[in-house]
Amino acid sequence: MTTPDFIRTLRATAGHQLLLLPGVTAVVVDDRGRVLLGRRADTGRWSVVGGIAEPGEQPADTAVREVYEETAVRCVPERVVLVQMLPPITYPNGDVCQFQDITFRCRATGGQAARVNDNESLEVAWFAPDALPEPLESFAVDRIRQALKDEPTWFAQPLSDASR
């Protein structure tokens with residue numbers, strides 16, 4: 001994932017301390033029911049498309065922008081699939097981030113054929129839900145499963161009053 005300029009600016013004064021960041025994930029489905037995935041350049045693993053919202057950017061707009069930037073596919077968000085605070089991540093350089101992920105189910109509407117459109121992916125392709133590639137991030141599997149269900153938005157269970 002390329003680090004946005006606004007985060008580089010924050011890091012200049014915040015150092016490596018924890019930053020809470022707005023993450024957005026897009027599970028894009030085409031008219032044949034296939035799911036759009038990219039094989040990440042940083043890990044070599046297949047995953048769903050995602051990224052960080054820019055200041056002032058609406059989360060649904062982030063999903064559309066990230067999908068196009070990474071795959072050259074145009075899409076429309078259809079619904080919020082899940083909202084989840086992810087565990088903190090410490091990067092090799094010592095930076096610590098925690099992402100609040102909003103996952104959208106999106107419908108492909110056009111653009112060019114799916115292709116690598118930036119330096120974040122090694123490959124981009126469509127997959128039938130029963131023929132997903134390996135290795136596939138567990139993060140992606142969870143989001144794909146939830147996006148393909150016809151259910152309300154999933155939220156992590158709140159802590160009970162007894163555990164606070």
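Here, the structure is the one placed above.
Okay, so let's go over this structure. (Residues numbered from 1 in each chain as written. Predicted model: local features only at pLDDT ≥ 70, side-chain atom pairs only at ≥ 80, totals over all residues. Heavy atoms only, no water.)

For the protein, the helix and strand inventory stands at three helices and nine strands. When its helices and strands are written in sequence order, the protein yields α-β-β-β-β-α-β-β-β-β-α-β. For the C-alpha atoms alone, the extent of the protein along its principal axes is close to 45 × 40 × 30 Å. Within the span of the protein, comprising 164 residues, buried residues form 35% of the whole. Restricting to contacts in the protein with at least 6 residues of sequence separation, those with at least 24 account for 73%. Carbon and sulfur atoms form 53% of the exposed surface of the protein, whose accessible area is close to 9,100 Å². (Helix = DSSP H or I, 4+ residues; strand = E, 2+ residues; numbered from the N terminus. Buried < 20%, exposed > 50% of the residue type's maximum accessible area, 1.4 Å probe, protein only. Contact = heavy atoms within 4.5 Å. Areas by Shrake-Rupley, 256 points an atom, 1.4 Å probe, with all protein chains shown as cover.)

What follows concerns the nonpolar core. Grouped together as the largest cluster of nonpolar side chains are 13 residues, with contacts concentrated most on A26, V28, L36, A63, V67 and C106. No other element matches strand 1 (residues 19-29), which puts three residues into this core. Residues L37, V48, V81 and L136 belong to the second largest nonpolar core, which totals 12 residues. (Core = buried A, V, L, I, M, F, W, Y, C linked by side-chain atoms within 4.5 Å.)

Time to look at unusual backbone geometry. For the bond from E134 to P135, the omega torsion is -10°, close enough to zero to count as cis. Within the secondary structure layout, P135 lies in the loop between strand 8 (121-127) and helix 3 (138-148). One non-glycine residue, A72, lies in the positive phi region at around 65°. Mapped onto the elements, A72 comes out in the loop between helix 2 (59-71) and strand 5 (73-85).

Moving on, we come to the packing of aromatic side chains. Enumeration according to the criterion identifies one aromatic pair in this entry. Ring centres 5.1 Å apart and planes at 75° place the aromatic pair W46 and F127 in the edge-to-face group. In this pair, W46 is assigned in strand 3 (residues 46-47) and F127 in strand 8, connecting sequence segments 81 residues apart. When its relative accessible area of 16% is taken as the criterion, F127 is described as buried. Above the plane of the ring of Y68 lies R74, whose end atom (NZ or CZ) is 3.7 Å from the centre. Here R143 stacks its cationic end above the ring of F139, 3.7 Å away from the centre of that ring. (Phe/Tyr/Trp six-rings, centres within 6.5 Å; stacked < 30°, edge-to-face > 60°. Lys NZ or Arg CZ within 6 Å of the ring centre and 35° of its normal.)

Across 11 bridges, strand 1 lies against strand 7 (residues 96-111) in parallel orientation. From the neighbouring strand, L20 faces strand 7, where its bridge partner is Q98. The pairing of strand 5 with strand 7 spans 11 bridges and is classified as antiparallel. Across the sheet, residue L82 finds its bridge partner in strand 7, namely T103. Relative to strand 7, strand 6 (residues 89-90) runs antiparallel, the two being bridged by two bridges. Within strand 7, the residue paired with T90 across the bridge is V96. Between strand 6 and strand 7, which pair antiparallel and follow one another directly, the connecting turn spans five residues, one of which, G94, has a positive phi of 95°. (Pairing = 2+ DSSP bridges.)

With respect to the helices and strands, the residue T71 is situated in helix 2. When neighbours within four sequence positions are excluded, T71 is seen to be in contact with L36, V49, A113, A114, R115, N117 and V124.

Here the focus is helix 3. Of all the positions in helix 3, only A140, R143, I144, Q146 and A147 are classed as buried. Relative to the axis of helix 3, the buried residues are bounded by an arc of 170° and lie together on one face. Projecting away from the buried face of helix 3 at angles above 90 degrees are the exposed residues S138 and R145. (Arc of directions from axis to C-beta.)

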